[in-house]
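Survey of secondary and tertiary structure
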Amino acid sequence: MKSITDTLEQRISQAIGKVTGQKGCPALVSVSKNPKFGDYQVNGVMAAAKKMKTNPRQLAEQIVEELDLDDICQPPEIAGPGFINLRLKDEFVAGRLLEINSDKDRLGIEKVKMPKTVVVDYSGPNIAKQMHVGHLRSTIIGDCISRMVEFEGHIVVRQNHIGDWGTQFGMLIALLKEQYPDILENPGSVEIADLEGFYQEAKAKSDNNEAFTQTARDEVVKLHNHDKDTITIWQHIVDESRKHYLPIYQQLSVTLNTKDERGESFYADKLADVVEQLKAKKLAVESDGAMCVFPGDFKNKDGEPLPFIIQKSDGAFLYATTDLAAMRFRIDELKADKIIYVTDARQSLHFQMLFETAKMAGWTNDDINLMHVTFGTMLGTDGKPFKTRTGGTVKLKDLLEEAVQRATAAVEEKNPDLPAEQKKQIAKAIGIGAVKYADYSNNRNSDFIFSFDKMLAMEGNTAPYMQYAYARIKSIERKAEDNGVNTQNKLTGIKQLAFTEEAEKELAKMLIRYDQAIAVAAEECRPNYLTSYLYDLAQSFSRFYNACPVLKASSDQRAVRLLLCDLTARTIKHGLTELLGIEVVEQM
RNA sequence: GUCCCCGUAGCUCAAUUGGAUAGAGUGUUGGCCUCCGAAGCCGAAGGUUACAGGUUCGACUCCUGUCGGGGAUACCA
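Now for a look at the structure at hand. (Residues numbered from 1 in each chain as written. Chains lettered and ligands numbered in written order. Predicted model: local features only at pLDDT ≥ 70, side-chain atom pairs only at ≥ 80, totals over all residues. Heavy atoms only, no water.)

What follows deals with the protein's contact with RNA strand B. Neighbouring RNA strand B are 63 residues, the closest being Lys 36, Asn 85, Lys 312, Asn 443 and Arg 472. Take the atoms of RNA strand B that sit within 4 Å of the protein: sugar and phosphate atoms are 55% of them. Contact distances for RNA strand B include 2.3 Å between a base nitrogen and a side-chain N or O atom of Asn 85. Between Glu 524 and RNA strand B, the recorded distance is 3.2 Å, taken from a side-chain N or O atom to a base nitrogen. Secondary-structure elements contributing two or more residues to the surface near RNA strand B are α2 (45-52), β4 (83-86), β8 (290-293), α17 (463-482), α20 (514-524) and α21 (527-547). Each residue belonging to the surface near RNA strand B can be placed in one class, and the counts come to 28 nonpolar, 16 polar and 19 charged. (Near = heavy atom within 4 Å. Polar contact = N/O pair within 3.5 Å; in protein donor to acceptor, adjacent residues only side chain to side chain. Helix = DSSP H or I, 4+ residues; strand = E, 2+ residues; numbered from the N terminus. Nonpolar A, V, L, I, M, F, W, Y, C, P; charged D, E, K, R; others polar.)

Next up on the list: the sheet that holds strand β10 (residues 338-342). Paired through backbone hydrogen bonds, the strands of a sheet run either parallel or antiparallel to each other. If you walk across this open sheet you meet the four strands as β6-β5-β10-β11, and the pairing is parallel. Looking at which strands have only one partner, the edges of the open sheet turn out to be β6 (155-159) and β11 (369-373). Ignoring strand direction, the axes of neighbouring strands in this sheet form an average angle of 15 degrees. Note: strand β5 (residues 117-121) against β6, five bridges, orientation parallel. When the bridges of β6 are listed, Val 118 appears paired with Val 156. In the packing of helix α5 (residues 136-152) onto the sheet, the strands contacted are β5, β6, β10 and β11, and the crossing angle to β6 comes to about 160 degrees. (Pairing = 2+ DSSP bridges. Axes fitted to C-alpha atoms, helices over the stretch in contact; angles between N-to-C directions. Contact = heavy atoms within 4.5 Å.)

On to the sheet that holds strand β9 (residues 308-311), then. Overall, antiparallel pairing links the three strands, which are arranged β7-β8-β9 in an open sheet. Looking along the sheet, the strands with just one partner apiece sit at the ends: β7 (284-287) and β9. Between one strand and the next, the sheet's axes are offset by a mean angle of 45 degrees, whatever the strand orientation. One ladder, built from three bridges, connects β8 with β9; its direction is antiparallel. Looking at β9, one finds that Val 293 is bridged to Phe 308.

Treat this as a map of the structure, not an account of what it does.
As structure tokens, this is what we get:
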């Protein structure tokens, strides 16, 4: 079914067009902030009046004359300088709820009619090292974007642009060869249990031992020349590394898989061609020994044109080259209509130059939407970059473990009598959910202060609050079941409902807005719009819960209220598990 | 120097991109459990949206400038 905002937007825009005789005067329908102004408000009349050089209130009256919204709204009201305020009819709201109720999978939300191919580039860990907190935001924000866009009905191609080809692999290969001289005979027998330790060891040796440094350099050259033995060892390191980061994706309920990996190594043999073509197009020129493109009018600190360096003076390629190759692959082979890059804000200049260069080269055009989705830095409670007490980087694994541990303590305190296995599962859902939700609920552009205490707080806009709201509803349904009322049986095939209490209506109106929340969050790539909606919904439910007894209500009322409970639970569950990748629990 | 992001209640943050009286949480404070899970709900207090101009019916939002914080800025990614 079509979203209410879209329906209203369409009909009212049409009426505006008819009255003014002009195209391009959108109705600009939005949800009213203040209930005094109804449920939805039309903001576009003032702009249209300006265009027509006419009185906005009069224009609004003419538009209202022309409007037929009787099936949806009560008679529209004109207010202020020329707003049109709309109040939904109870019957319409009830009808919507019944439609949502009858669609178990998609809660009545239509798929887009014209699916696009959307490439989402996110996570992208440097796999020589263990994943640390710096990877968290890209990983989960990108995952939520992928899930939302996919749910809308677009074709999402996830791309995990892993760092698997850098110079650091030279020293890892050299060290592995040194420690296990017979590794080539049986690479599978060698395990790297402590990836980070192994990296540190290689780095220390590289810093202090010239002979080793030279060997490492030689290995890089061999790697890039596809030397068979070196490639074998490299592949082994990649495989070992994968054993470390795939479980973290799994723990985070991140949808990335091995098949989504398309890292630096994949593009390695496409880089020379990128440079050749840019040279042929006369875009790349030599400057200070390096091959550079000078896109746009970016300046360096001396006020001179800023180069986008695609080949170093020693002949090596850089991430600019790789990103250009990747963009060509995504547009030419993956047929991307849109590419979303989820990386921190510090890389914004790089992406501006990348996009500009690709445009100059004719590798992309205005039909392809290139979007750099930025996010701020993760800070500690002291406001400084998030580090361990000793100043090291925080490993993602440790961070998640601590979150689960803290959640375990909370569950133990609140609900000690649950079976141990269930407590464990709840603690995991709460702990991991808290970490993810805290990040999602923040505006991604702001720097984000990481605080276990805040995110695990049981009150406020947190994962536990959302999970609690869900668990409470499930508790009602269990109680109903005990009284011989099966909620699903009761609600299947329900044909009509009537609201009696204000709290019921408020909750119902929240429920029918879920599609709009997803649409906006996906469009802007802002998960916090979604969490914000879910939180409003949960609060709306809590008010309803306090005001309207469900099980003790009369039979008719009970049916309406059970439906409201069930749809709330399904919406929260869908939002959390399907779109945010956060588990819900039946009890907590 | 140039460019980008940010500056909103004591604190942590929103504000659907130009809409009406700037909202939540937390903290402070007053109330609500013989009633479906109080990890909850209702109320009070708390603001010159850093500052100064400008654009217009209307500005936290757009433009100009100033102050303050962060980041980027030639061969790491």
